[in-house]
Amino acid sequence: MQVLVIGSGGREHALAWKIAQSPKVAKVWVAPGSAGISEIAECVEISASDFRLLADFAEQKRIDLTVVGPEGPLTLGIVDEFERRGLRIFGPRKDAALIEGSKVFAKSFMKKYHIPTGFFQSFDRAEEAKRYIQEIGVPLVVKADGLAAGKGVIVCFDLPEALDAVKKIMEDRLFGDAGERILIEEYLEGEEVSFHALTDGDAVLPLASSQDHKRVFNDDQGPNTGGMGAYSPTRAITEPIQQQIMERIMIPTIRGMAAEGRPYKGVLYAGLMIRAGEIKVLEFNARFGDPETQPLLLRMKSDLVPLLEAVVDGRLRDQTIDWMPDASVCVVMASRGYPGPYDQGALIAGLEEAAAEPGVMIFHAGTSCMEGQILTGGGRVLGVTGLGQDIQGAIATTYRAVKKIHWEGAHYRTDIGVRALAKAS
Ligand code: AMP
Ligand code: GLY
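In the annotation of an unreviewed UniProt entry, the entry for the protein reads Phosphoribosylamine--glycine ligase, and the organism field reads Candidatus Methylomirabilis limnetica. Listed under Catalytic activity (unreviewed entry) in UniProt, the entry text for the protein is "5-phospho-beta-D-ribosylamine + glycine + ATP = N(1)-(5-phospho-beta-D-ribosyl)glycinamide + ADP + phosphate + H(+)". Quoted straight from UniProt, the Sequence similarities (unreviewed entry) entry for the protein says "Belongs to the GARS family."

Below you can see the structure in the form of structure tokens.
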């Protein structure tokens, strides 16, 4: 079969890499892809948001399965368009992707279906939001309702900061239309984990556990990013915790979405906060996490393609997933300036030496190719991902590879996975 992956980041590189290993697959296409992805799949120059052109392409090439990476096209209705044309596609429809596309919808949904989450209020007028902040005091979290590339969340520890967050989002329109409505939320403390499950709208099949590192600097300092590294598995998710997550969060969410007339198919990714055994949902995403997908897929023994097909065809109930007992770690190498305005076009050295390390895969998050040379082309540039017998081994493998890669202004965290070690001891 032929598979089309949509997107261009490290997540899509990992998906294309894993899908290409399936004995069922003759060819993988990626739109638009990247310099790194073009080494393992054929890239097509169509933007991930141009879903009519993408569907035309899938028809012309007789693509058997399309897999959507980022949330943008999902919330715009790419799945609806493909399904209308009788094309098989992995991901939720527009009305179900709203669980990520509108934070107000997601929180109201959780409240209605008694899914554990922090308290919240939504506002479409800045004055009322500011009054509410004065009333409840800090700490609190101010969020733009719509998609804001992971940046529409401001955690506030003092009052002027919180009032300023409302001004930035609603009055200065920092995130455009995404900030027409805002949420003010309870600040949750604890350990943050990423929980992914495949679902065909009925059966819910969890993936291995993983943990992201959102802050840009070591020891979780500095501003939030799209994710500076991740590892799998995490000890924060024990067997009983996993059971609770399935019974109290994932299954009720899938049942609730069906009851709302918004049946959910694809992968559901819950960002969770765990504190003293109590689990609360921070947010839902309608797609695979990035970078989490990189360490997850490195550990997945099963063929991913029959699993994706079972989701699309509504046959997930009979499926299981095998994982390597090994641990995996992904370290994101970023451009100077990221997560703010960042440099581009720096020449990357050492990629081949790093890739030669046993147990290492280098996924490209933002690169371009010029005259055979690989240049930086995004904020997050590479996801260097390695396996080890345990987390300590995976950290050692991965950083050995990271240290072989250089470019002007490269930066990365040196403590990915270290929290897991502290727990293990
Ligand atoms: P979100 O896009 O809603 O996941 O928010 C991005 C990041 O902000 C999360 O991964 C958390 O690290 C942090 N965050 C979001 N909501 C809260 C909250 N209610 N309490 C504490 N931290 C939060
Ligand atoms: N790793 C965070 C995200 O994919 O949203």
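Next comes the rest of the write-up.
*Asks:* Which residues make up the nonpolar core, and what values go with them?
*Replies:* Core analysis: the largest hydrophobic core is formed by 50 residues, its most contacted members being Ile78, Ile99, Met250, Leu272 and Phe284. Tallying contributions element by element places helix H9 (residues 239-259) first for this core, with seven residues. Apart from the residues within four sequence positions on either side, Leu272 is in contact with Glu191, Glu192, Val193, Phe195, Ile245, Ile249, Ile279, Lys280, Val281 and Leu282. Listed in part, the 38 residues of the second largest apolar core include Val3, Ala16, Ile37 and Leu65.

*Asks:* Got a sec to walk through the site of ligand 2? Specific residues and values, please.
*Replies:* All residues in the neighbourhood of ligand 2 are listed as Asp212, Lys214, Gly226, Tyr269, Asn285, Arg287, Gly289, Asp290, Pro291 and Glu292. Contacts to ligand 2 include Asp212, whose side-chain N or O atom sits 2.7 Å from a nitrogen atom. Taking Gly226, its main chain carries an N or O atom lying 3.3 Å from a nitrogen atom of ligand 2. When the free accessible area of ligand 2 is taken as 200 Å², the share hidden by the protein chains comes to 89%. The residue makeup of the shell around ligand 2, split by class, is two nonpolar, three polar and five charged.

*Asks:* Please set out the pattern of salt bridges residue by residue, giving values where relevant.
*Replies:* Summed over the entire model, instances satisfying the criterion amount to 37 salt bridges. Residue Glu83 pairs with Arg93 through a salt bridge whose shortest N-O separation is 2.6 Å. Linking Glu83 in helix H4 (residues 78-84) with Arg93 in the loop between strand E5 (89-90) and helix H5 (94-101), this pair joins segments that are 10 residues apart in sequence. Note on Glu83: relative accessible area 31%, which makes it partly exposed. Since its relative accessible area comes to 37%, Arg93 is described here as partly exposed.

*Asks:* Run through the site of ligand 1, naming residues and quoting values.
*Replies:* Around ligand 1, a shell composed of 13 residues is seen, among which Lys143, Glu186, Leu188, Glu192 and Glu283 lie nearest. At 2.8 Å, a backbone N or O of Leu188 approaches a nitrogen atom of ligand 1. Within the complex, the protein chains bury 92% of what would otherwise be the 470 Å² of accessible surface of ligand 1. Among the secondary structure elements, those contributing two or more residues to the shell around ligand 1 are strand E7 (140-144), strand E9 (182-186) and strand E17 (278-285).

*Asks:* Could you give an account of the packing of H5 against helix H6 (residues 103-112), with specific residues and numbers?
*Replies:* At a minimum axis separation of 6 Å, H5 and H6 run at an interaxial angle of 95°. In terms of orientation, H5 lies roughly perpendicular with respect to H6. Each of Leu98, Ile99 and Gly101 in H5 lies in contact with H6, whose residues at this interface are Lys103, Phe105, Ala106 and Phe109.

*Asks:* Can you lay out the state of the cysteines for me, pointing to particular residues and giving the numbers?
*Replies:* One pass over the structure, following the stated rule, counts zero disulfides. The closest cysteine sulfur to the non-disulfide-bonded Cys330 is located on Cys43, 19 Å from its own sulfur. Note on Cys330: relative accessible area 0%, which makes it buried.

*Asks:* Lay out unusual backbone geometry in plain terms, naming residues and giving numbers.
*Replies:* Of note, the bond from Ser232 into Pro233 is cis; its omega dihedral lies within 30 degrees of zero at -5°. Looking at the secondary structure, you find Pro233 in the loop between strand E15 (229-232) and H9. Cis geometry marks the peptide bond from Tyr338 to Pro339, where omega comes out at 10°. Examined against the element boundaries, Pro339 turns out to sit in the loop between strand E18 (327-334) and helix H12 (351-355). Even without a glycine there, the phi angle at Arg173 is positive, about 50°.

Reading the values: the criteria
- Residues numbered from 1 in each chain as written.
- Chains lettered and ligands numbered in written order.
- Predicted model: local features only at pLDDT ≥ 70, side-chain atom pairs only at ≥ 80, totals over all residues.
- Heavy atoms only, no water.
- UniProt positions renumbered as here; feature names shortened; annotations may be inferred.
- Core = buried A, V, L, I, M, F, W, Y, C linked by side-chain atoms within 4.5 Å.
- Buried < 20%, exposed > 50% of the residue type's maximum accessible area, 1.4 Å probe, protein only.
- Helix = DSSP H or I, 4+ residues; strand = E, 2+ residues; numbered from the N terminus.
- Contact = heavy atoms within 4.5 Å.
- Near = heavy atom within 4 Å.
- Polar contact = N/O pair within 3.5 Å; in protein donor to acceptor, adjacent residues only side chain to side chain.
- Areas by Shrake-Rupley, 256 points an atom, 1.4 Å probe, with all protein chains shown as cover.
- Nonpolar A, V, L, I, M, F, W, Y, C, P; charged D, E, K, R; others polar.
- Salt bridge = Lys/Arg side-chain N within 4 Å of Asp/Glu carboxyl O.
- Axes fitted to C-alpha atoms, helices over the stretch in contact; angles between N-to-C directions.
- Parallel < 35°, antiparallel > 145°, perpendicular 65-115°, else oblique.
- Disulfide = S-S within 2.5 Å.

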